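Chain by chain, the residues run as shown.
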Amino acid sequence: RDTVNFFGSDEVDIAVANTPAISGLGCFPALFLVEAKGWDNPVDSTSIGAFIDKLRERHIELGILVVAHRVTGTNRNLRNAYYKASSAQVSGKRLLLVRMDDLLSLKDSDQFATLLVKRLLGLAASGTFQLDPI
């Protein structure tokens, strides 16, 4: 948690080592990062870009961004943060979006795994963040 890099220039909230046999996340990579933004305002595209840069710098394929409310822009016309997520996928970096409301509605770890898999499938199919309910 909150690991700061050697240079003190950035930090990672959570690094995850995925064990598919235990996690139920067989379609997820062995390593991924989680970034949490508890902001009242929507998370902007600059912050999305900074997280994508962390993934690139560490050669990590997947990142999960947990936001308190939402991100800027729209899915429909790939504006702002949605464009950043779409562009990242073109270069082999995938970014999932999870809202705090999503997490608070879950009853168990199986629902959590289902949510993450649905978001990953939505991202692969559409090319950007997906926020459909589970």
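Rules and cut-offs
- Residues numbered from 1 in each chain as written.
- Predicted model: local features only at pLDDT ≥ 70, side-chain atom pairs only at ≥ 80, totals over all residues.
- Heavy atoms only, no water.
- pLDDT = per-residue confidence, 0-100.
- Helix = DSSP H or I, 4+ residues; strand = E, 2+ residues; numbered from the N terminus.
- 1 Å grid on protein atoms, 1.4 Å probe; cavity = no way out; pocket = protein on both sides within 12 Å on 5 of 7 lines; lining within 4 Å.
- Points joined across faces, edges and corners; volume = space filled by probe spheres on them.
- Nonpolar A, V, L, I, M, F, W, Y, C, P; charged D, E, K, R; others polar.
- Core = buried A, V, L, I, M, F, W, Y, C linked by side-chain atoms within 4.5 Å.
- Buried < 20%, exposed > 50% of the residue type's maximum accessible area, 1.4 Å probe, protein only.
- Contact = heavy atoms within 4.5 Å.
- Expected span 1.5 Å × (residues − 1).
- Polar contact = N/O pair within 3.5 Å; in protein donor to acceptor, adjacent residues only side chain to side chain.

1. Observations regarding the confidence of the model for the protein
The predicted model of the protein has a mean per-residue pLDDT of 86, with 89% of residues at 70 or higher. Within the protein, the lowest mean pLDDT, 58, falls on strand 1 (residues 3–4), and the highest, 95, falls on strand 5 (residues 62–67).

2. So, the layout of surface pockets
By volume, the largest pocket is sized at about 150 Å³. Forming the walls of the largest pocket are Val16, Leu25, Phe32, Val34, Ile64, Val66, Val98, Leu103, Phe112 and Leu116. Elements supplying a minimum of two residues to the lining of the largest pocket: strand 4 (31–37), strand 5 and helix 5 (109–126). The residue inventory of the lining of the largest pocket, partitioned by class, reads 10 nonpolar, no polar and no charged.

3. Thoughts on the nonpolar core
One broad trend across soluble globular proteins is that nonpolar side chains are buried collectively. Of all hydrophobic cores here, the largest spans 18 residues; its most connected members are Ile48, Leu65, Val71, Leu95 and Phe129. Sorting the residues of this core by element identifies helix 2 (45–57), strand 5, helix 3 (81–90) and strand 6 (94–99) as the ones contributing at least two each. Discounting residues that sit within four places of it in the chain, Leu65 has contacts with Glu35, Lys37, Val43, Ile48, Phe51, Val71, Leu95, Leu96, Leu97 and Val98. Listed in part, the 15 residues of the second largest apolar core include Leu25, Phe28, Ala113 and Leu115.

4. Overview of helix 2
If you check helix 2, its first and last C-alpha atoms are 18 Å apart, about what 13 residues at 1.5 Å a residue would give, namely 18 Å. In this structure, the buried side of helix 2 is in contact with strand 2 (11–12), strand 4, strand 5, helix 3 and strand 6. Positioned one or two residues after helix 2, His59 has a phi angle of 55°, which is positive.

5. A look at helix 5
An ideal rise of 1.5 Å per residue puts 26 Å on 18 residues; helix 5 measures up with 26 Å between its terminal C-alpha atoms. For helix 5, every residue scored as buried is listed here: Ala113, Leu115, Leu116, Arg119, Leu120, Gly122 and Leu123. Next to the buried residues of helix 5 lie helix 1 (20–23), strand 5, helix 3, strand 6 and helix 4 (100–104). By the N-cap criterion, in which a side-chain oxygen at the helix start approaches the backbone nitrogen of a residue two or three places on, helix 5 is capped by Asp108, the distance to Asp110 being 3.1 Å.

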